[in-house]
Amino acid sequence: MENTDLVLFENPHFIIDMMYARENNMTGRPVYMEIGYGNKAYVHKNVAQKLLSLIPVLEEKQYKMRICDAYRPPIAHQKLLEIIPRAGFFAATPMRSNHCHGTAVDVCLTDINGNNLDYPTQIDAYEDKYRKQVADGNFDEFFVHLKKARHDYTEATDLQIENRDFLKKLMESHGFSSIEHEWWHYNISDFANYPMVQWENEL
Ligand SMILES: [Zn+2]
């Protein structure tokens, strides 16, 4: 990695579970393993600081936070784009993805044993049946399903909505911004001030 302000984020209150380091993600491939990056959560030091500020709440509520994506090497983003070459699925270029700047995280809360709380969808709206459809080039059902990932989706159960809204309130009160179409995605709002970070097969 270049000489940057990114730091490796590790803390017992957080579960590092990068979805693109495993096969059960929408691409069906462990892209972070394929490029030699692995299951690591690098973030800009300002993001790390905001995540650490969540700890008193996590302790009080007896929760942990699962991090399913953080910094994403641009070469990994490029690979994701090649595997699913469909506009609107991933940011059009690494430059446009918060993740490639180290300023975004994809997260959910879990109980103290690491079981995800109940949300309207999985992170990334992942489900194996949609992954298979998408691999076949059929996006129709998945795009309908994606509506459930929005913050304004109201057809979920009360508990799912409560958990989604709690996460949003928590993250926003600790300096993160949300985006309306992905309940799991949080970033620092002025990410344009943070450069994209290259990663070249070594740290
Ligand atoms: Zn994200």
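The structure contained in this document is the topic of the report that follows. (Residues numbered from 1 in each chain as written. Predicted model: local features only at pLDDT ≥ 70, side-chain atom pairs only at ≥ 80, totals over all residues.)

1. Brief notes about the pairing of strand 7 (residues 182-187)
- Burial within strand 7 is extensive, with 5 of its 6 residues counted as buried.
- Here strand 5 (residues 104-111) pairs with strand 7 via 3 bridges, running antiparallel. Paired with Asp106 across the two strands is His185, which belongs to strand 7.
- Sheet topology places strand 6 (residues 177-179) next to strand 7; 3 bridges connect them, and they run antiparallel. Across the sheet, the residue bridging to Ser177 is Asn187, located in strand 7.
- Connecting strand 6 to the next strand, strand 7, in antiparallel fashion are 2 residues. (Buried ≥ 20, exposed ≤ 12 C-beta atoms within 10 Å, placed from the backbone. Helix = DSSP H or I, 4+ residues; strand = E, 2+ residues; numbered from the N terminus. Pairing = 2+ DSSP bridges.)

2. Thoughts on helix 4 (residues 74-83)
- Among all positions in helix 4, only Ala76, His77 and Leu80 are buried. Down the axis of helix 4, the buried set is contained in an arc of 100 degrees. They therefore lie on one face. (Arc of directions from axis to C-beta.)

3. A closer look at the sheet that holds strand 2 (residues 14-16)
- Strands sit in the order 2-4-5-7-6 across an open sheet of 5 strands; the sheet is mixed. Among the strands making up the open sheet, the edge pair consists of strand 2 and strand 6. Pairwise comparison of adjacent strand axes, ignoring direction, gives a mean angle of 40 degrees for this sheet.
- Sheet topology note: the strand 4 (residues 63-69)/strand 5 ladder contains 6 bridges and is antiparallel. For Tyr63, the partnering residue across the bridge sits in strand 5 and is Asp111. (Axes fitted to C-alpha atoms, helices over the stretch in contact; angles between N-to-C directions.)

Fair warning: the whole summary comes from geometry, so function is off the table for now.
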